[in-house]
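Observations on the model geometry
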Amino acid sequence: MTEEVLKVENLNKFYGDWQVLHGINFDLKKGEVVTLLGPSGSGKSTLLRTLNGLEDYQSGAIYFHGKKIDPSPKNWQLLRQKIGMVFQSYDLFPNLSVMENILLAPVKVQKRNEADVKKEAEELLRRVGLEGYANSYPRELSGGQKQRVAIVRALAMNPEIMLFDEITASLDPEMVRGVQEIVEDLSKHDHMTMIIVTHQMNFAAKIADEVLFLEDGKILEDTPGNEFFKNPKTQRAREFLDSMDF
Ligand SMILES: Nc1ncnc2c1ncn2[C@@H]1O[C@H](COP(=O)(O)OP(=O)(O)O)[C@@H](O)[C@H]1O
Ligand SMILES: [Mg+2]
């Protein structure tokens, strides 16, 4: 049986009086790629942020390797080292070089040996096609290059899970493919466990082991990727796929 890395149990989240996530249940197995799909405002980003301790929740539980997560800020600080996240907006530090951006958390937070991390970082930069950019600054890079640095920065923490929130949404069309290929490579060659939010249906169809389709903060369906794109269970998901020109 494949090992369960993350399990979400009846999770409910409110912003004030208003409920944004309703009774969310799913699990994520080692090496699995779960893709969150759904219309804008359905709660995809909120769910990902909750899984990274950036949002609180009012009831339900999240389990990491079978152990219920204690949602204290201090504990999330530790867990966040194992659950990497990349956002649409890169969020690189503009005043730090590419290498300084990458080294910051592994050296300052994880207290790892700087020379060791640097070696790993150089290897990762080579892998994403950014060899020779270690001393560049974010402003000197294209959007696609910045997003690759953001991915490398998250990977340099050696996370067990990667969360990707629409990481190609701000990129020029010709940059999208290269970033998607990096994510595909992480799945195929590293068997990285991932949760991906994307509006690129071709990419989702290629990479998703499991699709969670959300609307209004509820999971309307939880369907294997190879079935979802051919034959979704719900009419709503069918309409969504049709509207995406897929
Ligand atoms: N900080 C916040 N306070 C109040 N409402 C929010 C906040 N962040 C998001 N929302 C609302 O929660 C809903 C889900 O948002 P979000 O998770 O960003 O959806 P998605 O990523 O699927 O587009 C939306 O209606 C959004 O307006
Ligand atoms: Mg979002």
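Residues numbered from 1 in each chain as written. Chains lettered and ligands numbered in written order. Predicted model: local features only at pLDDT ≥ 70, side-chain atom pairs only at ≥ 80, totals over all residues. Heavy atoms only, no water.

Under the annotation held in an unreviewed UniProt entry, the protein chain carries the name Glutamine ABC transporter ATP-binding protein and is attributed to Lactobacillus intestinalis DSM 6629. The heading Sequence similarities (unreviewed entry) in the UniProt record of the protein chain holds the text "Belongs to the ABC transporter superfamily." (UniProt positions renumbered as here; feature names shortened; annotations may be inferred.)

Moving on, we get to the packing of aromatic side chains. For the structure shown, the criterion picks out three aromatic pairs. A centroid spacing of 6.1 Å and a plane angle of 35° characterise the contact between phenylalanine 213 and phenylalanine 228, whose relative ring orientation is tilted. With a gap of 15 residues between them, phenylalanine 213 in strand E9 (residues 210–215) and phenylalanine 228 in helix H8 (residues 225–228) connect regions that are remote in the sequence. Here phenylalanine 213 and phenylalanine 228 have matching classes, each one buried. For the ring pair phenylalanine 228 and phenylalanine 229, a centre distance of 5.2 Å and an interplane angle of 85° mean the geometry is edge-to-face. Phenylalanine 229 carries the same exposure label as phenylalanine 228, and that label is buried. (Phe/Tyr/Trp six-rings, centres within 6.5 Å; stacked < 30°, edge-to-face > 60°. Helix = DSSP H or I, 4+ residues; strand = E, 2+ residues; numbered from the N terminus. Buried < 20%, exposed > 50% of the residue type's maximum accessible area, 1.4 Å probe, protein only.)

Glancing now at the site of ligand 1. Residues in contact with ligand 1, as listed here, are Tyr15, Trp18, Val20, Pro39, Ser40, Gly41, Ser42, Gly43, Lys44, Ser45 and Thr46. Between a nitrogen atom of ligand 1 and a side-chain N or O atom of tyrosine 15, the distance comes to 3.3 Å. Interatomic distance of 3.0 Å between a backbone N/O atom of glycine 43 and an oxygen atom of ligand 1. About the coverage of ligand 1: the protein hides 58% of its 570 Å² of free accessible area. (Near = heavy atom within 4 Å. Polar contact = N/O pair within 3.5 Å; in protein donor to acceptor, adjacent residues only side chain to side chain. Areas by Shrake-Rupley, 256 points an atom, 1.4 Å probe, with all protein chains shown as cover.)

Once that is clear, we can look at the side chain of glutamate 210. Of note, glutamate 210 is situated in strand E9. With no salt bridge to any partner, buried glutamate 210 finds its closest opposite charge in lysine 233, at an N-O distance of 6.2 Å. From its side chain, glutamate 210 meets the backbone nitrogen of threonine 223 in a polar contact 3.5 Å long. Setting aside chain neighbours within four positions, we find glutamate 210 in contact with Glu32, Val33, Val34, Thr35, Asp222, Thr223, Pro224 and Gly225. (Lys, Arg positive; Asp, Glu negative; His and termini not counted. Salt bridge = Lys/Arg side-chain N within 4 Å of Asp/Glu carboxyl O. Contact = heavy atoms within 4.5 Å.)

Since the α-helix turns once every 3.6 residues, residues separated by three or four places project in the same direction. Burial within helix H1 (residues 44–51) is extensive, with six of its eight residues counted as buried. All buried positions along H1 are accounted for by Lys44, Thr46, Leu47, Leu48, Thr50 and Leu51. Phi turns positive one or two residues past the end of H1, at glycine 53, with a value near 70°.

For the rest of this paragraph, the subject is the packing of helix H5 (residues 143–155) against helix H6 (residues 173–190). Running from N to C, H5 and H6 cross one another at 20°; their axes reach a closest spacing of 9 Å. When the axes of H5 and H6 are compared, the pair comes out roughly parallel. Like other packed secondary-structure pairs, H5 and H6 cross with a definite hand, here right-handed. Together, Gly144, Gln147, Arg148, Ile151 and Leu155 of H5 and Met175, Gly178, Val179, Ile182 and Leu186 of H6 make up the contact between the two elements. Partitioned by chemical class, the residues of the contact of H5 with H6 number six nonpolar, three polar and one charged. (Axes fitted to C-alpha atoms, helices over the stretch in contact; angles between N-to-C directions. Parallel < 35°, antiparallel > 145°, perpendicular 65-115°, else oblique. Left-handed = near helix turned anticlockwise from the far one by under 90°. Nonpolar A, V, L, I, M, F, W, Y, C, P; charged D, E, K, R; others polar.)

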